[in-house]
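Listed here are the chains, written in short residue letters.
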Amino acid sequence: MPQKAAFRVSLRLLTQWAYARAAPIFIASALCGFASAQAADYTGPLFDAHLHYNDDAANGPHPLADVLARMHKSGVKAIVANSRPNDGSKALAASPETRKAGVTVVPFIRLYRNRTDYDSWFKDETIYEMVQAEFARGVAGDQTGPYKGIGEFHLYDSANANGAVAKKLMVFAAKNKLAVLAHVDDTAIELLMAHAPDARLIWAHTGIGGAPAGRVDELLKKYPQLMGELSYRPGLTCDGGRLDAGPPQGEQAPSGGSERHEVRKRGGPYLCPEWRTLLLKYPTRFMIGSDTWVNQRWQYYEELMKGYRTWLGDLPPDAARKIGWSNGADLFGVKTSN
C-alpha cells in the first residue's frame, strides 16, 4: 500500500477509535447534565411562615444565636414568629443579631401563655384581653413595629370555632388587617370564615388531618382570602415517608390533642401528583413553614428546609419562588430578597 494511503487509513482508524471512546463519555455527561437540570433544588430565599421560638427552646438548648445560625445556613430570609409565650417572638424582633443574620421578623400574637391555654383559649376572655394589650404595644427593639397577625391557635373540636372568644378574635383580626394562623380542620375553616369573611386566614398545615386535595381546592376556590401553609401536610410528598421529622414516634402533642407525628429518614422528597397539580393551580396561595413547636424540630431545621428546596425544585421556577418566598413576602410587605 502506498505510504500516503496507509497514512489515511491509519488516521481514519484512529479517529474512529477516538470517537468510540469519547461517545459514551459525552452521552453519559449529557444525561447527567439533563438529570441534574431536572432534579435541581430551589436555590432562592425562603420565607418560613410557621415558626415558634418557645420558652423551652429559648431557655434550653437553642439560644438566639443557635436558631439564627440555623436560619442563616438554610437561606431563610423572613419568618412568621409566633411563640409561647410571646416573649420569644419579641426577642427575635428586638435583637440586632436577627437583622445581621439577614432575617426579617413578621410578629404574630400567640394566644398561649402556657400549655393550658391550648384547650380553652376560644372561651377565655383573658386571652382576648391579652391579645388586645399585645396589639396596642407592638414589638420593640431593632425591628420595632406592629404585630401582623394572630396565632397559631388550635381547635381540636371544630365546634369550638363558634366559641365566644374565637368569634371576637376573628372579627378583631379582620378589623385590624391581621392575618390569622389556624391549626384546624376543614369544617372549622368554614366556621371561622363565617365570622369574618374578609379575614386573611392561613391554614396551618393545610389540614393536618389529611383533608383531600379536592377539598382543599374547594375551600381555596370558595375563600379567596384563604392561604395554605404546608408543614406536616399528609400526602404532600411521595418518597415513602413524610416531608417532616417530628417528635419521637408515638409522642403526643403538648396540648393533649390526638395528632401524632413520626420521625422518618427521607431521601429527596418529590411532590405527589395531585398536590403538584394543586400547587400549580394556586401558586400564589401556599407557603412553607418549619413549625418548630418542640426542640427536636430545631434540631432538624436545616434538614426541613433542605426538604422544601428539593420538592420546590420539582416546580417551574416562578411557582417555586412564589411558594418558597414571594407569597409570604408580598402578603406581609417584606422587601424582596435575591
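The following refers to the structure shown. Owing to the predicted nature of the structure, the values given are computational and were not obtained by experimental measurement.

Moving on: the state of the cysteines. Considering all chains together, one arrives at one disulfide under this definition. Here cysteine 238 is linked by a disulfide to cysteine 272, with a sulfur-sulfur distance of 1.9 Å. Across the disulfide from cysteine 238 to cysteine 272, rotation about the S-S bond amounts to roughly 120 degrees, and the bridge is consequently right-handed. Here the residue cysteine 238 occupies a position in the loop between β7 (226–229) and α10 (273–281), and cysteine 272 occupies one in the loop between β7 and α10, the gap between them amounting to 34 residues.

Helix α12 (residues 301–312) packs onto helix α3 (residues 64–74) with a crossing angle of 20 degrees between their chain directions and a minimal axis gap of 9 Å. Put simply, α3 runs roughly parallel to α12. Of the two possible hands of crossing, α3 and α12 adopt the one that is right-handed. From α3, Arg70, Met71, Lys73 and Ser74 reach across to α12, where they touch Tyr301, Glu302, Met305 and Arg309. Class assignment for the residues of the contact of α3 with α12 results in three nonpolar, one polar and four charged.

Attention now goes to unusual backbone geometry. Across the junction of arginine 84 and proline 85, the peptide omega takes the value -10 degrees, indicating a cis bond. Looking at the element boundaries, proline 85 is found in the loop between β2 (76–81) and α4 (87–94). Residues glycine 151 and glutamate 152 are joined by a peptide bond in cis, for which omega reads 5 degrees. One non-glycine residue with positive phi stands out, namely lysine 177, at about 55 degrees. Mapped onto the secondary structure, lysine 177 falls in the loop between α7 (164–175) and β5 (179–183). Phi is positive for aspartate 291, close to 50 degrees, though the residue is something other than glycine. Its relative accessible area of 5% is what places aspartate 291 among the buried residues.

Calculation rules
- Residues numbered from 1 in each chain as written.
- Predicted model: local features only at pLDDT ≥ 70, side-chain atom pairs only at ≥ 80, totals over all residues.
- Heavy atoms only, no water.
- Disulfide = S-S within 2.5 Å.
- Helix = DSSP H or I, 4+ residues; strand = E, 2+ residues; numbered from the N terminus.
- Axes fitted to C-alpha atoms, helices over the stretch in contact; angles between N-to-C directions.
- Parallel < 35°, antiparallel > 145°, perpendicular 65-115°, else oblique.
- Left-handed = near helix turned anticlockwise from the far one by under 90°.
- Contact = heavy atoms within 4.5 Å.
- Nonpolar A, V, L, I, M, F, W, Y, C, P; charged D, E, K, R; others polar.
- Buried < 20%, exposed > 50% of the residue type's maximum accessible area, 1.4 Å probe, protein only.

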